[in-house]
There are 2 protein chains.
Amino acid sequence: MAKKPSIPKGTRDFNPEEVAKRNYIFNTIRQNFERFGFQPIETPSFENSETLMGKYGEEGDRLIFKILNSGDFLSKADQQALNAKDFTKITSSISEKALRYDLTVPFARYVVQHQNEIEFPFKRYQIQPVWRADRPQKGRFREFFQCDADVVGSQSLWQEVEFVQLYDAVFTALKLEGVTIKINNRKILSGIAEVIGAQDKLIDFTVALDKLDKIGEEKVKEEMLGKGIPQSGIDKLQPLFSLSGSFESQIEQLKSILSTSEEGKMGIEELEFIDKAISELQLQTANLQLDVTLARGLNYYTGAIFEVSAPKGVEMGSIGGGGRYDDLTGIFGLKDVSGVGISFGLDRIYLVLEALNLFPETITNTVKALFINFGEAEAMASMKAVKELRSNGINAELFPDHKKTIKQFNYANKRNIPNVVLVGESELQSQTFTLKNMASGEQQSVNLQTLVRLLGDA
Amino acid sequence: MAKKPSIPKGTRDFNPEEVAKRNYIFNTIRQNFERFGFQPIETPSFENSETLMGKYGEEGDRLIFKILNSGDFLSKADQQALNAKDFTKITSSISEKALRYDLTVPFARYVVQHQNEIEFPFKRYQIQPVWRADRPQKGRFREFFQCDADVVGSQSLWQEVEFVQLYDAVFTALKLEGVTIKINNRKILSGIAEVIGAQDKLIDFTVALDKLDKIGEEKVKEEMLGKGIPQSGIDKLQPLFSLSGSFESQIEQLKSILSTSEEGKMGIEELEFIDKAISELQLQTANLQLDVTLARGLNYYTGAIFEVSAPKGVEMGSIGGGGRYDDLTGIFGLKDVSGVGISFGLDRIYLVLEALNLFPETITNTVKALFINFGEAEAMASMKAVKELRSNGINAELFPDHKKTIKQFNYANKRNIPNVVLVGESELQSQTFTLKNMASGEQQSVNLQTLVRLLGDA
């Protein structure tokens, strides 16, 4: 047992400062979710394997953490697979449960299971950890939180308008000003594919287009050509590569590009509705930008597609994303439930706030005063004052041991406690308190009432 | 896929109302933990198996959920055990990680791993789920939250005083008045065993004594006799069974019973210190009671032992417990770190608050107003008002679809939203809002400013 203990790779311990900072983000998101009328649900950490398996593709199935059955799992295992040592085949017979891989599939399962208790449209949010057996790397963990808000049971575009405002509200509250909310629409992408004669290559087409930012126009064209999209079609894309100007002017250009596609025109109508509403309502600090190259999990989305990027100057992938999907619950047998939702990337938002020094200083010094311990009688007088402070909503504590004063001061320093209170023999006599500000070194002698007032204001 | 989806037995979905009620308890506990100077940490949901296995006894090892290794786990399995189909032996070679079983062992691991970054005494709290493969039954789940606060690195009895006050503060804040905080001390139990000549049967002795409440004096004596405690010793216990009166008078009686035991006398001293301090500081609504039969996980505790029971008239096991342990981190190689801590039983507290109807009504109607949707222009005017309300900290939303008014009213009712706001054609013209109270049916025509004020007060 001399070996220093450790934690599994890809997981993290969070110290008090980190928890406080994470909670600051969680609470801000949660408060705004509720301000917009979303209601919280929570689902179990593990689901029946059949609920999760097959929902995230082959790769996803591999990355799902499986829980070993309890008891003599071998005796109930698929004996043929066991004898053949076929791990793929044997898994389902020795593992019936698996850790949540995301919040979307459990949410779909929840909606179907509880459909008779739910009032639709159902606006739910969910902030819980998920687990993926991915190879850990910088910024990618095996356990991480997702923060999702979704509405199911309404096709109204006002939801999209709400989500744009919600992103704006959260990032404004976090003082992260100038984020860009990029928006696109699956129908626009389908329309373009139709116009250039690549309907049957929609995925190849959008995967290539999605890379425009990273690899540039020429390489995107090469990739499309390689995937069998004809040169004549790619030529028709030219106006798309030079789309520019405001949201409205890009829309005008799209109208001419997509004039022959009914689906494309519907996409334009949807984007126009959202843009018009947001122009009237106005955003506080975020910018809404049309980005016709935005695709994300295209197979999934059927209408609006969102992605949020950090303010200019901060190198960070997307810090949020989402979109509309017309058939979330179909996988569990409930048809025709349209949904739209967004998600916040906690870990990346954390890194951005850290990089820009945007965490409020106060979140890590919640204890306003440490009382120095000078012995039993003094400690008792201190405890009475501590009690009074607490009943006034002020976080305070007594150093538990009668140790050297310097050690107790060091403790206050390292804990980032801004004030110490000294109750020694003379204070005990005069029923006063010596309040010392740790930053300025200033100290003053006060009575209890003043102590409560000063620390309450601190 | 026609089969309705379900969740694993022993796990739960929480709907919005349940999450709100649980968060009310969590937040109250968290706020008081911080008021008392405790700092939050979080540890990963799964630990390396070697961190957990062997720490909870054989039964515990069986109840720990193990996670199957990713990839071809069979090829790396213990082939001998595999061929012999020995599930116990093979487990460690196909599963390296396991779900957290409690918060105490991960905390000990955390303290040892991060000992150089920690400022001692370390006052930490932790509110996270744990998992146990126990047979589910009423009130016992396979996934449940623990809420723990511990201090390590100080032997001061002021900590025990703090924990008594902390219990009082939390239950007072929850309006759960009249809980009983029972306290005992391992040294008292050891002292009694010494006095009656049962030092070598301390566990048997305390296990029997712990049942006094349930099975009565005669059966307890029988059990002790059966375990080989001599009749002469049991006779000496007589005064213990008739202990009565106040904390102080019970202490006086104990003094005479334990007059020949040094350890017993130390236990008395500790109890006296705590009782005296609490008498001076006074509790708000809880009662502190000496209970010399209280043992809990005796092997674990070395000093104070706490247990909290619900107010009289509510049938419920303990709703909290804890105590002092002198060697928490020894299992990971760090010696001589004394700790003391308490825990809150969330699920039982929830049931008690529900039974006594103590959840504030407001926690489930966070949305103050639903705006009825009468069409695009009206919805846009509504959205502007919604935005104004939100920027004043008021939770509000627009019904997303232009459906029949009765349907929208029903939605407000079912969502427990106390007000609806109507913006129809005439309101649009006059730039007013019709505010209707859902409970009283009263409605009034107001301007935006008044709307904000009225809903802000609601």
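Residues numbered from 1 in each chain as written. Chains lettered and ligands numbered in written order. Predicted model: local features only at pLDDT ≥ 70, side-chain atom pairs only at ≥ 80, totals over all residues. Heavy atoms only, no water.

Going by an unreviewed UniProt entry, chain A carries the name Histidine--tRNA ligase and comes from Gelidibacter sediminis. The heading Sequence similarities (unreviewed entry) in the UniProt record of chain A holds the text "Belongs to the class-II aminoacyl-tRNA synthetase family." Under Catalytic activity (unreviewed entry), UniProt gives the following word-for-word description of chain A: "tRNA(His) + L-histidine + ATP = L-histidyl-tRNA(His) + AMP + diphosphate + H(+)". (UniProt positions renumbered as here; feature names shortened; annotations may be inferred.)

Colleague: Even after reading the chapter, I still don't get the overall build of chain A, so can you show me in this structure?
Modeller: Helix and strand counts for chain A come out as 19 helices and 16 strands. For 458 residues, the compact-globule formula gives about 23 Å, and the C-alpha radius of gyration of chain A, at 29 Å, lies well above that figure. Projecting the C-alpha coordinates of chain A onto the three principal axes gives extents of approximately 95 × 65 × 45 Å. For chain A, the exposed surface amounts to about 19300 Å²; the carbon and sulfur share of it is 47%. In chain A, 54 side chains carry a positive charge and 62 a negative one; their mean positions are 7 Å apart. (Helix = DSSP H or I, 4+ residues; strand = E, 2+ residues; numbered from the N terminus. Rg over C-alpha atoms; globule rule 2.2 N^0.38 Å. Areas by Shrake-Rupley, 256 points an atom, 1.4 Å probe, with all protein chains shown as cover. Lys, Arg positive; Asp, Glu negative; His and termini not counted. Charge placed at Lys NZ, Arg CZ, Asp CG, Glu CD.)

Colleague: What am I meant to see in unusual backbone geometry here?
Modeller: Phi is mostly negative for residues that are not glycine, and the peptide bonds are mostly trans. Residue and element names in this part refer to chain A. Residue Phe120 is joined to Pro121 through a cis peptide bond whose omega torsion reads -5 degrees. Structurally, Pro121 can be placed in the loop between helix 6 (104-113) and strand 5 (122-131). Despite not being glycine, Asp336 has its phi angle at roughly 60 degrees, a positive value. One can find Asp336 in the loop between strand 10 (318-325) and strand 11 (339-344).

Colleague: Even after reading the chapter, I still don't get the sheet that holds strand 15 (residues 433-437) of chain B, so can you show me in this structure?
Modeller: Sheet strands associate in pairs through backbone hydrogen bonding, adopting either a parallel or an antiparallel arrangement. Residues and elements named next belong to chain B. Taken in spatial order, the 5 strands of this open sheet run 13-12-14-15-16, and their pairing is mixed. Each edge of the sheet is formed by a strand with only one pairing partner; in this case those strands are strand 13 (396-398) and strand 16 (443-446). Recorded for the sheet is a direction-independent mean angle of 25 degrees between the axes of neighbouring strands. As paired elements, strand 15 and strand 16 share 4 bridges and run antiparallel to each other. Opposite Phe433, over in strand 16, you have Val446 as the bridge partner. (Pairing = 2+ DSSP bridges. Axes fitted to C-alpha atoms, helices over the stretch in contact; angles between N-to-C directions.)

Colleague: What exactly am I supposed to notice about the interface of chain A and chain B here?
Modeller: One widely used convention gives an interface's size as the accessible area the parts lose upon coming together. Between chain A and chain B, the residue contacts involve 105 residues of the former and 105 residues of the latter. For the pair chain A and chain B, the number of links is 12 salt bridges. Lys414 of chain B is the salt-bridge partner of Glu119 of chain A, the closest N and O atoms lying 3.9 Å from each other. Summed over the shared surface of chain A and chain B, the result is 48 residue pairs in polar contact (both at pLDDT 80 or more). The greatest single-element share of the side of chain A that touches chain B, amounting to 7 residues, is contributed by helix 16 (residues 376-391) of chain A. (Contact = heavy atoms within 4.5 Å. Salt bridge = Lys/Arg side-chain N within 4 Å of Asp/Glu carboxyl O. Polar contact = N/O pair within 3.5 Å; in protein donor to acceptor, adjacent residues only side chain to side chain.)

Colleague: Is there a simple way to think about the pairing of strand 11 (residues 339-344) of chain B in this case?
Modeller: Regular strands place side chains that alternate from one sheet face to the opposite one. Residue and element names in this part refer to chain B. Taken across its 6 residues, strand 11 has 5 buried, putting it largely inside the fold. As paired elements, strand 6 (residues 143-152) and strand 11 share 6 bridges and run antiparallel to each other. Bridge pairing in strand 11 links Asp150 to Gly341. (Buried < 20%, exposed > 50% of the residue type's maximum accessible area, 1.4 Å probe, protein only.)

Colleague: In this structure, what is going on with the UniProt feature "binding site: L-histidine" (unreviewed entry) in chain A? I would like to understand it.
Modeller: All names here are of chain A. According to UniProt, the feature "binding site: L-histidine" (unreviewed entry) maps to Asp102, Leu103, Thr104, Arg132, Gln146, Asp150, Arg296, Tyr300 and Tyr301 in the numbering used here. Its location among the elements puts Thr104 in helix 6. Mapped onto the elements of the fold, Arg132 is located in the loop between strand 5 and strand 6 (143-152).

Colleague: Looking at this structure, I do not really get the relation of the copies chain A and chain B. What am I missing?
Modeller: Both copies of the chain are related by one operation, a rotation about an axis with a shift along it. Overlay of chain A on chain B (RMSD 0.1 Å): rotation 180 degrees, translation along the axis 0.0 Å. Taken together, the rotation and translation describe the operation of a two-fold axis. The rotation axis passes nearest to the C-alpha of Ile67 of chain A in chain A, at a distance of 2.2 Å. The residues that chain A uses at the interface reappear at the interface of chain B in 100% of cases, marking a shared surface. (Least-squares fit on C-alpha atoms with pLDDT ≥ 70 in both.)

Colleague: When you look at the pairing of strand 5 (residues 122-131) of chain B in this model, what are you seeing that I'm missing?
Modeller: Residues and elements named next belong to chain B. Within strand 5, 10 of the 10 residues are buried, which leaves the element mostly enclosed by the surrounding structure. Across 10 bridges, the pairing between strand 5 and strand 6 is antiparallel. From the neighbouring strand, Ile127 faces strand 6, where its bridge partner is Cys147.

Colleague: So what exactly am I meant to see when it comes to the packing of aromatic side chains here?
Modeller: Where two aromatic rings form a pair, the distance of their centres and the angle of their planes describe that pair. Using the criterion set out here, one finds 34 aromatic pairs over all chains in the structure. An aromatic cluster is built from Phe33, Phe38, Tyr125, Phe163, Tyr167, Phe171 and Phe344 of chain A, whose rings are joined through pairwise contacts. One cation-aromatic arrangement involves Arg132 of chain A over Tyr101 of chain A; the distance from NZ or CZ to the ring centre is 4.2 Å. Across from the ring centre of Phe14 of chain B, 3.8 Å away, lies the NZ or CZ of Arg22 of chain B, which sits over that ring. (Phe/Tyr/Trp six-rings, centres within 6.5 Å; stacked < 30°, edge-to-face > 60°. Lys NZ or Arg CZ within 6 Å of the ring centre and 35° of its normal.)

Colleague: Explain the sheet that holds strand 13 (residues 396-398) of chain A here, please?
Modeller: All names here are of chain A. Taking strand neighbours across the sheet as the criterion, the 5 strands line up as 13-12-14-15-16 in an open arrangement whose pairing is mixed. Every other strand in the sheet has two partners, leaving strand 13 and strand 16 (443-446) as the edge strands with one partner each. For this sheet, the mean inter-axis angle between neighbouring strands, taken without regard to orientation, is 25 degrees. Pairing of strand 12 (residues 369-372) with strand 14 (residues 419-422) involves 4 bridges; the strand directions are parallel. Looking at the pairing, Ile372 lines up with Leu422 of strand 14.

Colleague: Which parts of the structure should I look at to understand helix 15 (residues 346-355) of chain A?
Modeller: Three or four residues apart is the spacing at which side chains of an α-helix point the same way, because the helix has 3.6 residues per turn. Residue and element names in this part refer to chain A. Turning to helix 15, its buried residues number three or more, namely Leu346, Asp347, Ile349, Tyr350, Val352 and Leu353. Of the surrounding secondary structure, the elements contacted by the buried residues of helix 15 are helix 1 (16-35), strand 6, helix 7 (158-173), strand 10 and strand 11. Looking one or two residues past helix 15, Asn357 carries a phi angle of roughly 60 degrees, positive in sign.

Colleague: How do you make sense of the side chain of Asp148 of chain B when you look at a structure like this?
Modeller: Residue and element names in this part refer to chain B. Along the chain, the position of Asp148 falls in strand 6. We note that Asp148 is buried and unpaired, the nearest opposite charge coming from Arg124 at a distance of 4.5 Å. Here the side chain of Asp148 touches Ser343 through a polar contact of 3.3 Å, side chain to side chain. Beyond its immediate chain neighbours, meaning those up to four positions away, Asp148 contacts Phe33, Leu103, Thr104, Arg124, Tyr125, Gln126, Ile342 and Ser343.

Colleague: Can you walk me through the confidence of the model for chain A in this structure?
Modeller: Low pLDDT marks regions whose predicted coordinates should not be analysed in detail. In the predicted model, chain A carries a mean pLDDT of 94, and the fraction of residues at 70 or more is 99%. Two numbers describe this predicted complex: its pTM, 0.96, and its ipTM, 0.95. (pLDDT = per-residue confidence, 0-100.)

Colleague: Where do I start with helix 14 (residues 262-281) of chain B in this structure?
Modeller: With 20 residues, helix 14 of chain B ought to run about 28 Å at 1.5 Å a step, and its terminal C-alpha atoms sit 29 Å apart, in line with that. Elements that come into contact with the buried residues of helix 14 of chain B comprise helix 16 of chain A together with helix 7 (158-173), strand 7 (180-185), helix 8 (186-195), helix 13 (247-257) and strand 8 (287-290) of chain B. (Expected span 1.5 Å × (residues − 1).)

Colleague: Is there a simple way to explain the environment of Ser246 of chain A in this structure?
Modeller: All names here are of chain A. Within the secondary structure, Ser246 is located in the loop between helix 12 (238-241) and helix 13 (247-257). Taking relative accessible area as the criterion, Ser246 reaches 38% and is therefore assigned partly exposed. Separated by 112 residues in the primary sequence, Ser246 and Leu358 place their C-alpha atoms 30 Å from one another. Of note is the side chain of Ser246, whose polar atom sits 3.1 Å from the backbone nitrogen of Ser249.

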